[in-house]
There are 2 protein chains.
Amino acid sequence: MLTASRRLTLLGLGALAVVPSYQARAADQPLPSWRDTAARQAIIRFVQETTDRSSPGFVAEGERIATFDQDGTLWVEHPMYSQVIYCLDRVPAVVRAKPELAHIEPFKTVLSGNRAAMAKLSMHDLEKLLFATLTGMSTDEFASEVAKWLASAKDPRWHRPFTDLTYLPMIELLQYLRANGYKSYIVTGGGQDFVRVYAQQAYGIPPEQVVGTAGAVGYRYAKDGRPVLIKEPKLLLNDDNAGKAEGIHFMIGRRPYLAFGNSVDDREMLEYTKAGDGARLALLLLHDDVRREYAYGRAQGLPASKVGTFAQALYDEATKHGWVIVSMKNDWERAFAFEQ
Amino acid sequence: MLTASRRLTLLGLGALAVVPSYQARAADQPLPSWRDTAARQAIIRFVQETTDRSSPGFVAEGERIATFDQDGTLWVEHPMYSQVIYCLDRVPAVVRAKPELAHIEPFKTVLSGNRAAMAKLSMHDLEKLLFATLTGMSTDEFASEVAKWLASAKDPRWHRPFTDLTYLPMIELLQYLRANGYKSYIVTGGGQDFVRVYAQQAYGIPPEQVVGTAGAVGYRYAKDGRPVLIKEPKLLLNDDNAGKAEGIHFMIGRRPYLAFGNSVDDREMLEYTKAGDGARLALLLLHDDVRREYAYGRAQGLPASKVGTFAQALYDEATKHGWVIVSMKNDWERAFAFEQ
């Protein structure tokens, strides 16, 4: 029997099926962009085990929680987080509003456009950039700026909107989980307010299911008397490493049954998930596909001391505790919806 | 036509219908424990306006968010928050674990059982009690202690479990909203971890829809190597007053369409809700029912300077901005499920 998307292709309407609807092809093949390898089979087995009422691993529908890292797990993070590009792109507007910044570091270096000099900015300088571009405005103004930027900004390699750089197999996984009663959360080191702007459209994940690094907001009254929330330069939740497990407790209050990450930043989230009773699935995405995307971290074959985000120690822990390593090169038939 | 619960009553099975299922009687009468006054009509009109696709106030299902204060709005808060009673009840166990505390204030006073002396404890002493009884253990241990306490503790007036003291009309309102595609959150000054223990059973509200005052948790490894989250004496979110609006942004990321409170602690939540575009409903519960519950705050007829939690200024703001005042005495036919 032809699947819905195959039929559309035969009709010359392939574009309509770029993101295949899981509902339409569930019966014959969930996760169509995944190769039928051990990784795909582990996912399908886990979902069957936790949703089949007669299985010892059955989980009631309201308790089916899954958590996903974003950068490098749901979309491209290399060579630079898109939120950092957003902050750099915002610098000219910040300097227009406060011209005295033009002669002060790190703004001077960013305005110079000298990428090599920018790469050498200190952590302290980067923080100044983040505070200047991500705080001081109302939450509504910020959301509207981000939406405007997303509509026009292009990534430097594919020359596409950043939201095109989501991984098709991951979108399919989110759909598959949703169709099976799972509520999926993004748990990201990126900015919570930033990711919430596009998570619904990009992933089908509503704002309340985005947990991220978050600053305080202050309740104020605008001139017309209406209340506004102003983004303040004060960190409330640092949602990386142990902060991911802590943030999951704080924002969700339940231990996930499935967690998916790609770097040492996700280690505690994966440990915390896997340490729960019953069936739990921890997955790690390995960026080993230099042709379709990038190869970095462990996949570069570097010595353990230099493997960057996908550290050897994490790989060893994954192997020891039965986390599933997903190879972009071997386990995915297709990485992006825009691939031919 | 007989409603489902009326039929059960006639069959002598009234107890089964103590909390009427909205689904069973929706067609003929939503909110059966509410009198058909302006308050009930305002709620029904609001729900119709926001769920009728042809109405200018229509709200897409995923965006239908409602927020509820807990203490004094969903259940009895007078004369003392039940979480404070929990903390006082926990003191003997805390002192058993650390006997040196028996001779130190405020533990000495609490152990004496002298209510008059306890009522005079300073804010600083109360904080010490909160930290001693609410932190230092794992989140799992804490949840299990609270569950144990809830199963045996009785309130001093009705001699019933505290979870019996939820207001039946509010349970019906939560059911009515749920049946109409609304996602309801508790937004409480009480402890987030405390309320999450019983919110699902008491209100049908899952842990991830409870926003409350929250302390930090720390990711640690237990002796067997399993990760645990330890509750730390460090405040992360003070979910009262402006903190309620800020907490709503932080935890939910959307402005509610309906908010329900009962005190000045809820003022900013109600203002923030009502300030949104389109149809928004803000409600305030007035405790003016000395027979069935209590009369306090403004309802006591005290001068403005002494009205306590339901301040005159709040009442004036409510009147000015079209918030709906719900009178427990006049708008509710029945307050508790256990009433005859």
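Further up the page is the structure itself.
Anyway, here's the lowdown on the structure attached to this text. Throughout this description, residue numbers start from 1 for each chain and increase along the sequence as written. As they are written, the chains are lettered A onward and the ligands numbered 1 onward, keeping that order. Predicted model: local features are reported for residues with pLDDT of at least 70 only, side-chain atom pairs are reported and counted for 80 or more only, and whole-chain, interface and lining totals are derived from all residues. To get the side-chain values, all heavy atoms of the structure are used, and hydrogens and water are removed first.

Focus on the overall build of chain A
Thought 1: A run of DSSP states H or I qualifies as a helix once it reaches four residues; a run of E qualifies as a strand once it reaches two. Both are numbered from the N-terminal end. Looking only at helices and strands, chain A features 14 helices and seven strands.
Thought 2: Residue-level accessible areas treat just the shown protein chains as cover; the underlying method is Shrake-Rupley with a 1.4 Å probe. Surface accessibility of chain A: about 15,300 Å² in total, with carbon and sulfur atoms responsible for 53%.

Considerations on the pattern of salt bridges
Thought 1: By definition, a salt bridge exists where a carboxyl oxygen of Asp or Glu is found within 4 Å of a side-chain nitrogen of Lys or Arg. What the rule picks out here adds up to 32 salt bridges over all chains.
Thought 2: With its nearest N and O atoms 2.9 Å apart, the salt bridge here joins Lys 244 of chain A to Asp 69 of chain A. Residue Lys 244 of chain A is located in helix α11 (residues 242–251), and its partner Asp 69 of chain A is located in the loop between β1 (65–68) and α4 (82–97); the two are separated by 175 residues in the primary sequence.
Thought 3: Its relative accessible area of 5% is what places Asp 69 of chain A among the buried residues.
Thought 4: Asp 140 of chain B serves as the salt-bridge partner of Arg 255 of chain A, at 4.0 Å between the closest nitrogen and oxygen. Of this pair, Arg 255 of chain A sits in the loop between α11 and β5 (258–261) while Asp 140 of chain B sits in helix α8 (residues 139–152), placing the two residues on different chains.
Thought 5: Summary of the burial criterion: residues with accessible area below 20% of their type's maximum are buried, those above 50% are exposed, and those between are partly exposed, where the area comes from a 1.4 Å probe applied to protein chains only. Here Arg 255 of chain A falls in the buried class, since its relative accessible area comes to 18%.
Thought 6: By relative accessible area, Asp 140 of chain B is classed as exposed at 52%.
Thought 7: The network of salt bridges with common partners includes Asp 69, Lys 244 and Asp 266 of chain A.

Some details on the packing of helix α11 (residues 242–251) of chain B against helix α12 (residues 267–274) of chain B
Residues and elements named next belong to chain B.
Thought 1: Axis separation between α11 and α12 bottoms out at 6 Å; the angle between their running directions is 50 degrees. By the criterion of interaxial angle, the relationship of α11 to α12 is oblique. Our pair here, α11 against α12, has a crossing hand that is right-handed. Together, Ala 242, Lys 244, Ala 245 and Ile 248 of α11 and Glu 268, Met 269 and Tyr 272 of α12 make up the contact between the two elements.
Thought 2: When residues are sorted by character, Ala, Val, Leu, Ile, Met, Phe, Trp, Tyr, Cys and Pro go into the nonpolar class, Asp, Glu, Lys and Arg into the charged class, and all the rest, Gly among them, into the polar class. For the contact of α11 with α12, the class distribution of residues is five nonpolar, no polar and two charged. Axis definition: a line fit to C-alpha positions, over the contact stretch in the case of helices; interaxial angles, taken between N-to-C directions, run 0 to 180 degrees. Here is the rule for angles: anything less than 35 degrees is roughly parallel, anything more than 145 is roughly antiparallel, 65 through 115 is roughly perpendicular, and the remaining ranges are oblique. Crossings are classed by handedness, with left-handed meaning an anticlockwise turn of the near helix from the far one by less than a right angle and right-handed meaning a clockwise turn. Residue contacts are counted whenever heavy atoms from the two residues lie within 4.5 Å of one another.

Some remarks on the packing of aromatic side chains
Residue and element names in this part refer to chain B.
Thought 1: Centres within 6.5 Å make a pair out of two Phe, Tyr or Trp rings, where for Trp the six-membered ring is used; the pair is then stacked when the planes are under 30 degrees apart, edge-to-face when over 60, and tilted otherwise. Counting across every chain of the model gives 35 aromatic pairs over all chains.
Thought 2: Taken together, a centroid distance of 6.3 Å and an interplanar angle of 50 degrees make the contact between Trp 149 and Phe 194 tilted. Placement of the pair is Trp 149 in helix α8 and Phe 194 in helix α10 (residues 192–203), with a sequence separation of 45 residues. Both residues of the pair, Trp 149 and Phe 194, belong to the buried class.

Some points on the sheet that holds strand β1 (residues 65–68) of chain B
Residue and element names in this part refer to chain B.
Thought 1: Paired strands, in this sense, are two strands between which DSSP finds at least two bridges. The sheet built from seven strands is open, its strands ordered β4-β3-β2-β1-β5-β6-β7 with mixed pairing. Of all strands in the sheet, those bounded by a partner on one side alone are β4 (227–237) and β7 (324–327). For this sheet the average axis-to-axis angle between neighbouring strands, irrespective of direction, equals 35 degrees.
Thought 2: Bridge count between strand β2 (residues 183–191) and strand β3 (residues 210–221): four bridges; the pairing is parallel. Opposite Gly 191, over in β3, you have Thr 213 as the bridge partner.

Re the sheet that holds strand β2 (residues 183–191) of chain A
Residue and element names in this part refer to chain A.
Thought 1: Reading across the sheet, the seven strands line up as β4-β3-β2-β1-β5-β6-β7 and stay open at both edges, with mixed pairing between neighbours. Two strands close off the open sheet at either side, each with one partner strand: β4 (227–237) and β7 (324–327). Strand-to-strand twist across the sheet, computed as the mean angle between neighbouring axes with direction ignored, equals 35 degrees.
Thought 2: Pairing of β1 with β2 involves four bridges; the strand directions are parallel. Counterpart to Thr 67 in the pairing with β2 is Tyr 185.

What to know about the relation of the copies chain A and chain B
Thought 1: Least-squares fitting of one copy onto the other uses the C-alpha atoms of those residues that reach a pLDDT of at least 70 in both copies. Note on the identical chains: chain A maps onto chain B by a rotation of 180 degrees and an axial translation of 0.0 Å, with an RMSD of 0.0 Å. With respect to symmetry, the two chain copies, as superposed, fit the operation of a two-fold axis. Across chain A, the smallest distance between a C-alpha and the rotation axis is recorded for Met 251 of chain A, namely 3.2 Å.

What about α11 of chain A?
All names here are of chain A.
Thought 1: The buried fraction of α11 amounts to nine of the ten residues, a majority that puts the element mostly inside the structure.
Thought 2: Taken as a whole, α11 has its buried residues at Gly 243, Lys 244, Ala 245, Glu 246, Gly 247, Ile 248, His 249, Phe 250 and Met 251.
Thought 3: Directly after α11, the chain includes Gly 253, whose backbone phi takes a positive value near 80 degrees.

Let's talk about helix α7 (residues 123–134) of chain B
Residues and elements named next belong to chain B.
Thought 1: Along its twelve residues, α7 runs 16 Å from first to last C-alpha, staying within 8% of the 16 Å computed at 1.5 Å per residue.
Thought 2: Within the span of α7, buried status applies to Asp 125, Leu 129, Thr 133 and Leu 134. The buried residues of α7 occupy one face: seen down the axis, they fall within an arc of 145 degrees. Exposed residues on α7 whose side chains face more than 90 degrees from its buried face are Met 123 and His 124.
Thought 3: Residues of α7 that are buried in the fold lie against α4 (82–97), α5 (107–112), α8 and β4.
Thought 4: Where α7 terminates, the next one or two residues include Gly 136, which has phi positive at roughly 95 degrees. A helix's residues, less one, multiplied by 1.5 Å, set its expected span. Arc definition: directions from the helix axis to the C-beta atoms.

So, the interface of chain A and chain B
Thought 1: Contacts between the two partners involve 40 residues from chain A and, on the opposite side, 40 residues from chain B.
Thought 2: We define buried area as the total accessible area lost by two parts upon association, computed with a 1.4 Å probe and summed across both. Area buried by chain A at its contact with chain B is led by Glu 208, Tyr 219 and Phe 250 of chain A, which between them contribute 22% of it.
Thought 3: Between chain A and chain B we count eight salt bridges in total.
Thought 4: Taken together, the elements giving at least two residues each to the side of chain A that touches chain B come down to α8 (139–152), β2, α10 (192–203), β3 (210–221), β4, α11 and α12 (267–274) of chain A.
Thought 5: Of the residues that constitute the side of chain A that touches chain B, the class distribution is 19 nonpolar, eight polar and 13 charged.

Comments concerning the pairing of β1 of chain B
Residue and element names in this part refer to chain B.
Thought 1: Going residue by residue along β1, you find Ile 65 and Thr 67 tucked away on one face and Ala 66 and Phe 68 tucked away on the opposite face as well.
Thought 2: Alignment of β1 against strand β5 (residues 258–261), held across three bridges, turns out to be parallel. The residue bridging Thr 67 from the neighbouring strand is Ala 259, located in β5.

Focus: the pairing of strand β6 (residues 281–286) of chain A
Residues and elements named next belong to chain A.
Thought 1: Buried residues dominate β6, accounting for six of its six residues.
Thought 2: Going residue by residue along β6, you find Leu 281, Leu 283 and Leu 285 tucked away on one face and Ala 282, Leu 284 and Leu 286 tucked away on the opposite face as well.
Thought 3: Bridging between β5 and β6 involves four bridges; their strand directions are parallel. What sits directly across from Gly 261, in β6, is Leu 284.
Thought 4: Seen with its strands pointing away from the viewer, a crossover is right-handed if its path from the first strand over the helix to the second goes clockwise. Handedness of the crossover is the feature at issue here: the chain leaves β5, passes through α12, returns alongside β6, and the resulting connection is right-handed.
Thought 5: As paired strands, β6 and β7 are joined by four bridges and run parallel to one another. Across the sheet, residue Leu 285 finds its bridge partner in β7, namely Val 326.

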